[in-house]
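A structural walkthrough
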Amino acid sequence: MTAYNRLTSLTDSYRPRWTALKQIGRTLVEDYAIAFKRDPAARNWLEVLLCYPGVQAIFFYRLAHWLHGLNLPFLPRFLSHIARFLTGIEIHPGAKIGNRVFIDHGMGVVIGETAVIGNNCLLYQGVTLGGTGKDLGKRHPTLGCNVTVGAGAKILGNINIGSNARVGAGAVVVKDVPANSTVVGIPGRIVSQRDEEYDCN
């Protein structure tokens, strides 16, 4: 193999990784910008960057998730552990989080390994997206897009929360929730359903 072919092969192998890093960069910009849309108290870029633990936790998660995708054995979990220490928010690197997700205040938020969160979701402090035992495989909730989860709510097990749904503060949800619904109470019960459409992109 000539030197040119070796160099071409090496370049080609790094191209997908570089593309992935550029995509992460664009996503981080969106994650940062959504804070100004979601929180009326956000006043300037430096305040959001340095004083918003939800934004910081998402930044750490994006890097840890990328490393997790490379099948590194230790570093992703260690990075998420550092993020938990600094922000009070625990996000497993294996979780799948869409774009423009905002964690407001954030202390005590826990997001499990197989949780999936769609675009434009809003989580308040104390939210748990957890499992119900030692099941294998998919064992954490899936949230559609534009879902709002109130403070202290617990969504447990391999269940689906439909797009545009709202989960009230302190609710414990263990069953599927249809789109455009509002759920409150322990256990969670549907108290209203709206007829709305939402663009998930």
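Here we summarise the structure given alongside this text.

Cut-offs used in this document
Residues numbered from 1 in each chain as written. Predicted model: local features only at pLDDT ≥ 70, side-chain atom pairs only at ≥ 80, totals over all residues. Heavy atoms only, no water. Helix = DSSP H or I, 4+ residues; strand = E, 2+ residues; numbered from the N terminus. Contact = heavy atoms within 4.5 Å. Areas by Shrake-Rupley, 256 points an atom, 1.4 Å probe, with all protein chains shown as cover. Expected span 1.5 Å × (residues − 1). Buried < 20%, exposed > 50% of the residue type's maximum accessible area, 1.4 Å probe, protein only. Patch = residues over 30% accessible without salt bridge, like charges linked within 9 Å, V, L, I, M, F, W, Y side chains within 5 Å. Salt bridge = Lys/Arg side-chain N within 4 Å of Asp/Glu carboxyl O. Pairing = 2+ DSSP bridges.

We now examine the overall build of the protein. When helices and strands are tallied, the protein shows four helices and 15 strands. For the protein, restricting intrachain contacts to residue pairs at least 6 apart in sequence, the fraction spanning at least 24 positions comes to 36%. Roughly 11,100 Å² of accessible area belongs to the protein as shown, and the carbon and sulfur atoms make up 60% of that amount.

The next point concerns helix α3 (residues 53–69). Since the α-helix advances by 3.6 residues per turn, residues separated by three or four positions end up pointing in the same direction. Between its first and last C-alpha atoms α3 spans 24 Å; for 17 residues at 1.5 Å apiece the expected length is 24 Å, and the two agree. Listing the buried residues of α3 in full gives G54, V55, A57, I58, Y61, R62, A64 and L67. Following α3 by one or two positions, N71 adopts a phi angle in the positive range, close to 65°.

Residues F36, W45, L46, L49 and L50 make up a contiguous nonpolar surface patch of about 490 Å² in total accessible area. A per-element tally of the nonpolar patch places helix α2 (residues 45–51) first, with four residues. The residue F36 is located in helix α1 (residues 3–38) in this model. We classify F36 as partly exposed; its relative accessible area is 32%.

By secondary structure assignment, the location of T182 is in strand β14 (residues 181–184). With sequence-adjacent residues up to four places away left out, T182 is seen in contact with R166, R189, I190, V191, S192 and R194.

Pairing between the strands of a sheet is mediated by backbone hydrogen bonds and can be parallel or antiparallel. In space, the six strands of this open sheet follow the order β3-β6-β9-β12-β14-β15, with mixed pairing throughout. Each edge of the sheet is formed by a strand with only one pairing partner; in this case those strands are β3 (102–103) and β15 (189–193).

Pairing analysis gives two bridges linking strand β12 (residues 166–167) to β14, with the strands arranged parallel. Looking at the pairing, R166 lines up with T182 of β14. Sheet topology places β14 next to β15; four bridges connect them, and they run antiparallel. By the bridge assignment for β15, V184 is matched with R189.

To continue, consider the sheet that holds strand β7 (residues 128–130). What the five strands build is an open sheet, ordered β1-β4-β7-β10-β13; its pairing is parallel. The open sheet terminates on both sides in strands that have one partner only, identified here as β1 (90–91) and β13 (172–173). Note: β7 against strand β10 (residues 154–156), three bridges, orientation parallel. Within the sheet, the bridge partner assigned to G130 lies in β10 and is L156.

The step from I186 to P187 runs through a cis peptide bond, and the omega angle for that step is -10°. Summarising the element assignment, P187 is placed in the loop between β14 and β15. Backbone geometry places N180, a non-glycine residue, at a positive phi of 65°. The exposure class assigned to N180 is buried, which follows from its relative accessible area of 11%.

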